[in-house]
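A closer look at the structure
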Amino acid sequence: MVFEKETIDPAAQEMLQVAEEEGRETTWDLREQMEPQCGFGDTGVCCNICLQGPCRVNPNYNEKGNQKGICGARDYTIVARNLVRHTVGGTSSHSGHARHVAELFREVAEGHVDSYEVKDKEKLMKVADKLEIETEDRETNEIAKEVAEEAIGNFIGFHGEELSWLEPMVPESRYQIFNECNIIPTGINDAINEAMHRTAMGVDSDPLNLIFGNLQTALADFTGCTIGTDLSDIIFGTPEVVESEANLGVLDEDAVNVIVHGHEPVLSEKVVAAAKKLEDEAKEAGAENGINVAGICCTGNELLMRQGVPLATNFASQELAIMTGAVDAMVVDIQCIMPSIQSVANCYHTEIITTIPFSKISGAKHIEFNDSTADQDAEEIVRTAIEAYKERPKEINIPDYKSKLMAGFSFEEIENILSQVNEDDPLSVINDAIDEGDIKGICLFAGCNNTKVTHDKNHTEVAKGLVENDVLCVATGCVANALGKAGFMLPEAVEEYAGEGLKRFFSKLNEELGKELPLIWHMGSCVDNSRLIEFVTALANHKGVDIGEYPIVASAPEPMHEKAVSIGSWCVTIGLTTHVGVLPQITGSRLVTEVATKVAKDVYDGYFILESDPEAAVEELVAELDERTWVQDMKA
Ligand code: XCC
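Residues numbered from 1 in each chain as written. Predicted model: local features only at pLDDT ≥ 70, side-chain atom pairs only at ≥ 80, totals over all residues. Heavy atoms only, no water.

**Considerations on the overall build of the protein chain**
Which entries qualify depends on this criterion: Each helix is a run of H or I in the DSSP string that is no shorter than four residues. Each strand is a run of E no shorter than two, and both are numbered from the N terminus. The atom set for the radius of gyration is the C-alpha atoms, and the globule formula is 2.2 Å times the number of residues raised to the power 0.38. Buried, partly exposed and exposed residues are distinguished by accessible area as a fraction of the type maximum, computed with a 1.4 Å probe on protein chains only: under 20%, between the cut-offs, and over 50%, respectively. Per-residue accessibility takes into account occlusion by the displayed protein chains alone, with areas from the Shrake-Rupley method and a 1.4 Å probe.
Counting its secondary structure elements, the protein chain contains 25 helices and 16 strands. In terms of overall size, the protein chain behaves like a compact globule, its C-alpha atoms giving a radius of gyration of 24 Å where 636 residues would be expected to give roughly 26 Å. For the protein chain, the C-alpha atoms occupy an extent of roughly 65 × 65 × 50 Å along the three principal directions. Classification of the 636 residues of the protein chain by burial places 62% in the buried group. A total of about 24,500 Å² of accessible surface is found on the protein chain, and carbon and sulfur atoms cover 45% of it.

Okay, here's the thing in structure tokens:
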């Protein structure tokens, strides 16, 4: 098989062949040119924080080389500081996304924008209850205003008080642990500021103190993610099970193809609406099938979850979508958008359209998106795609690969499904299956693609190994996209991949429901990892244990973004042992690595498994689930 070192996705392999024939450069070529990567940077021991740098220290004390930076910083300080700064990047990304949704929500609540509304009142009431906001005998917009103020307050802080969105999201016992470690943030912005300050030259050099600072920032990230999910559900609707398709084969030769790429649902929801409205204009332009919207990265996940919009592909293969020659416009907002897409688009008729003032790409067309003129902006964007379609050359290469998939597994939808099986005690369906040994526990798959490993390979191999070992798996982000493309989000996959216990679990469930559920449940975008925490908190509370005692793990087989660092950090802090399939840039400090992989367990129950071999990772994750169940059994 050609290009099997680069990717296991057959559509991507076919497109890499096209790229080679046409002499196009891809991210895989750039990776090859980058080798060998700097060993200091790769292990986190390069310090660039002040202008005396870069200082590169040799972590191996037995060898020659500088063991201190010019200011005296040792490997552990440099590595811990770099780690905190990664988490800051992740936290500001997630919370920037969430803050936009929160500000839009406030505008909606105050009646200042009419292109959006409170779509899911039930979710609004649920969130208000969670925040202890009075709901009885009050108008919806009054409640919404108070929820919006509370959301904004979580960003800007409450004069030194703790975040209100965090405490109700985790079991009491877990919050107590946060408290004892003094890592509860007083505001998302505060946490980001403090983390940047403490890592500035000459401030915090104590590696343990820095690591606690990292965890505090990560909890701010988690809070931002939760706000993003909750408010998006209120404005756009809480996801319910939908059917759709994934992979480049979803592009339609006879339609105007608009790809939405990035993260926020605020713009992309409007693009979908505008595409429906302007269908006739596309047909007049000669596109028999009208307009076809498809998603990449988490914008794709947001639209798939709520509207059943198909997924074109995930992070690593974004350039390849353009090389099909069938993409008329790629509309981007924020995060995970490779600058290279413009150079690729220069060889085709594709319009790259940036929409956010602080997220531009040189050479791309910029159509600014504003919440107050959202409908008009989205229509302008779609019309630009129709115009580009008129210039589309005849020759296109759409690989004939796509898989059907099911998505839409919000926590509320899972509760709804389980209550159809046991109306009085829905969560017992999962907890009893664990007690009876049908399932070993739950794994959250999260994270990206990373060209350091073969595209989608770790994702599918770790997933295969876990389901074979009777682990119930849920997924978000680009790993969800990978597992969707590979057919794991279909009921047929249960028969093909699940172990005997997991098969029993699904067959009992399907029999009661009178319909079939997919093997792996798609929970949404990166911010929607918060949905899993809501789920596992409910399960742990139902069982009367802390999350650290519950059989739950997480796996990021191909992490890339700083957001993956912050998610991993809060997963561990919340008690999930977390596998990472690409070594994070911390291995230059033995101290920091040991804290992450060993000491963390004593404090948070969760710890990191750094393992690039999928088979070994499966073994360790299964052993962790077994240990948690065993400890529970011993206590019982
Ligand atoms: Fe980006 Fe969210 Fe990573 Fe994919 S998974 S590469 S962060 S799109 Ni979150």
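**Topic: the site of the ligand**
Filter applied, for reference: Note on definitions. A residue lies near a molecule or strand when any single heavy atom of the residue is within 4 Å of it. Gly falls in the polar group here, along with every residue not listed as nonpolar (Ala, Val, Leu, Ile, Met, Phe, Trp, Tyr, Cys, Pro) or charged (Asp, Glu, Lys, Arg).
Not every one of the 13 residues close to the ligand is listed here, only the nearest: His263, Cys336, Cys448, Cys478 and Cys526. The set of elements that each furnish at least two residues to the shell around the ligand consists of α12 (297-307) and α19 (477-485). Here the shell around the ligand is built from residues that sort into 8 nonpolar, 4 polar and 1 charged.

**Notes on the confidence of the model for the protein chain**
Rules: Every residue is assigned a pLDDT by the predictor, reflecting its confidence on a scale from 0 to 100.
For the protein chain, the mean per-residue pLDDT works out to 97, and 99% of the residues sit at or above 70. Scored as a whole, the predicted complex attains pTM 0.97, and scored at its interfaces, ipTM 0.96.

**Comments concerning the coordination of the nickel atom of the ligand**
The cut-off we apply is this: Sodium, potassium and calcium take a 3.2 Å donor cutoff, other metals 2.8 Å, and in both cases only N, O and S atoms count; water is not among them, so sites may look incomplete.
A lone protein donor binds the nickel atom of the ligand: Cys526 (SG), at 2.1 Å. Its location among the elements puts Cys526 in the loop between β13 (521-524) and α22 (529-543).

**What to know about a negative patch on the surface**
Our working rule: Without a salt bridge and with relative accessible area above 30%, a residue can belong to a patch; like charges are then joined within 9 Å and nonpolar side chains (Val, Leu, Ile, Met, Phe, Trp, Tyr) within 5 Å. One speaks of a salt bridge when a side-chain nitrogen belonging to Lys or Arg is within 4 Å of a carboxyl oxygen belonging to Asp or Glu. In this charge count, Lys and Arg are treated as positive and Asp and Glu as negative; neither His nor the chain ends contribute. Charged groups are reduced to one reference atom each: NZ for lysine, CZ for arginine, CG for aspartic acid, CD for glutamic acid.
A surface patch of like charges, here negative, comprises Glu132, Glu161, Glu162, Glu167 and Glu172. With respect to the helices and strands, the residue Glu132 is situated in the loop between α5 (121-130) and α6 (140-156).

**Quick look at the packing of helix α10 (residues 265-277) against α12**
Heads up, the condition is: Only the stretch in contact is used when fitting a helix axis, every axis being a line fitted to C-alpha atoms; angles between N-to-C directions are given from 0 to 180 degrees. Small angles under 35 degrees read as roughly parallel and large ones over 145 as roughly antiparallel, with 65 to 115 read as roughly perpendicular and the rest as oblique. Crossing handedness follows the turn of the near helix against the far one: under a right angle anticlockwise gives a left-handed crossing, and clockwise gives a right-handed one. By definition in these notes, contact holds between two residues if any of their heavy atoms fall within 4.5 Å.
Following both chains from N to C, one finds α10 and α12 inclined at 60°, their axes separated by 9 Å at the closest point. Viewed along their axes, α10 and α12 adopt a mutual orientation that is oblique. α10 and α12 meet at a crossing whose hand is right-handed. Counting all contacts with α10, which are made through Pro265, Ser268, Glu269, Val272 and Lys276, the residues of α12 involved are Thr299, Glu302, Leu303, Arg306 and Gln307. Residue composition of the contact of α10 with α12, by class: 3 nonpolar, 3 polar and 4 charged.

**Comments concerning the sheet that holds strand β12 (residues 471-476)**
The cut-off we apply is this: Criterion used throughout: strands pair if DSSP finds at least two bridges between them.
Strand order in the open sheet formed by 6 strands is β13-β12-β11-β14-β15-β16, and the pairing between neighbours is parallel. For this open sheet the edge positions go to β13 and β16 (608-610), each flanked by a neighbour on one side alone. Across the sheet, the axes of successive neighbouring strands diverge by a mean angle of 25°, strand direction being ignored. Here strand β15 (residues 577-580) pairs with β16 via 3 bridges, running parallel.

**Comments concerning unusual backbone geometry**
In this chain, Glu35 is followed by Pro36 through a cis amide linkage whose omega measures -5°. With phi around 115°, Asn247 is a residue other than glycine that occupies positive phi space. Note that Asn247 resides in the loop between β3 (242-246) and β4 (256-262). Note on Asn247: relative accessible area 3%, which makes it buried. Its identity as a non-glycine residue notwithstanding, Asp470 has a phi of 65°, on the positive side. Inspection of the secondary structure puts Asp470 in the loop between α18 (457-468) and β12.

**So, the packing of aromatic side chains**
We count it as follows: To pair, rings of Phe, Tyr and Trp, with the six-membered ring standing in for Trp, must have centres within 6.5 Å; the planes then decide the type, stacked if under 30 degrees apart, edge-to-face if over 60, and tilted in the middle. Criterion for a charge above a ring: Lys NZ or Arg CZ within 6 Å of the ring centre, and within 35 degrees of the ring normal.
By the definition in use, this model includes 8 aromatic pairs. Aromatic pair Phe222 and Trp570: ring centres 4.7 Å apart, planes at 55°, arrangement tilted. Of this pair, Phe222 sits in helix α9 (residues 207-236) while Trp570 sits in helix α23 (residues 562-574), placing them 348 residues apart in sequence. By the burial criterion, Phe222 is buried, and Trp570 matches it. Look at Phe506 and Trp521: their rings are 6.3 Å apart centre to centre, the planes differ by 85°, and that puts the pair in the edge-to-face class. In this pair, Phe506 is assigned in helix α21 (residues 500-513) and Trp521 in strand β13, connecting sequence segments 15 residues apart. Looking at Phe506, the relative accessible area reads 1%, which means it is buried. For Trp521, a relative accessible area of 1% gives the class buried. Feature note: the residues Phe409, Phe505, Phe506 and Trp521 constitute an aromatic cluster, connected by ring pairs. In this arrangement the basic side chain of Lys270 is found over the ring face of Tyr116, its NZ or CZ atom lying 4.6 Å from the centre.

**Brief notes about α12**
When you tally the buried positions in α12, you get 10 out of 11 residues, the bulk of the element. Burial in α12 covers these residues: Cys297, Cys298, Thr299, Gly300, Asn301, Glu302, Leu303, Leu304, Met305 and Arg306. Two residues or fewer past α12, Gly308 is found with a positive phi of approximately 70°.

**As for the side chain of Arg531**
Basically, it comes down to this: Contacts described as polar in this section are N or O atom pairs within 3.5 Å, which, within protein, must combine one atom able to donate a hydrogen with one able to accept it, while residues neighboring in sequence count only if both atoms come from side chains.
For Arg531, the position within the fold is in helix α22. The class for Arg531 is buried, based on a relative accessible area of 2%. For Arg531, the side chain forms a polar contact with the side chain of Asp233, separated by 2.8 Å. When neighbours within four sequence positions are excluded, Arg531 is seen to be in contact with Lys123, Thr229, Asp233, Pro239, Met305, Arg306, Phe409, Ser410, Phe411, Glu412 and Met523.

**A word on the nonpolar core**
What counts, and what does not: What is meant by a nonpolar core is a set of buried Ala, Val, Leu, Ile, Met, Phe, Trp, Tyr and Cys residues, joined one to another through side-chain atoms within 4.5 Å.
Residues Val147, Ile430, Leu519 and Leu532 are the most contacted members of the largest nonpolar core, which totals 175 residues. Beyond its immediate chain neighbours, meaning those up to four positions away, Ile430 contacts Leu418, Ile439, Ile442, Leu472, Phe505, Phe535, Leu539 and Tyr550. Listed in part, the 36 residues of the second largest apolar core include Phe3, Leu320, Ile341 and Ala364.

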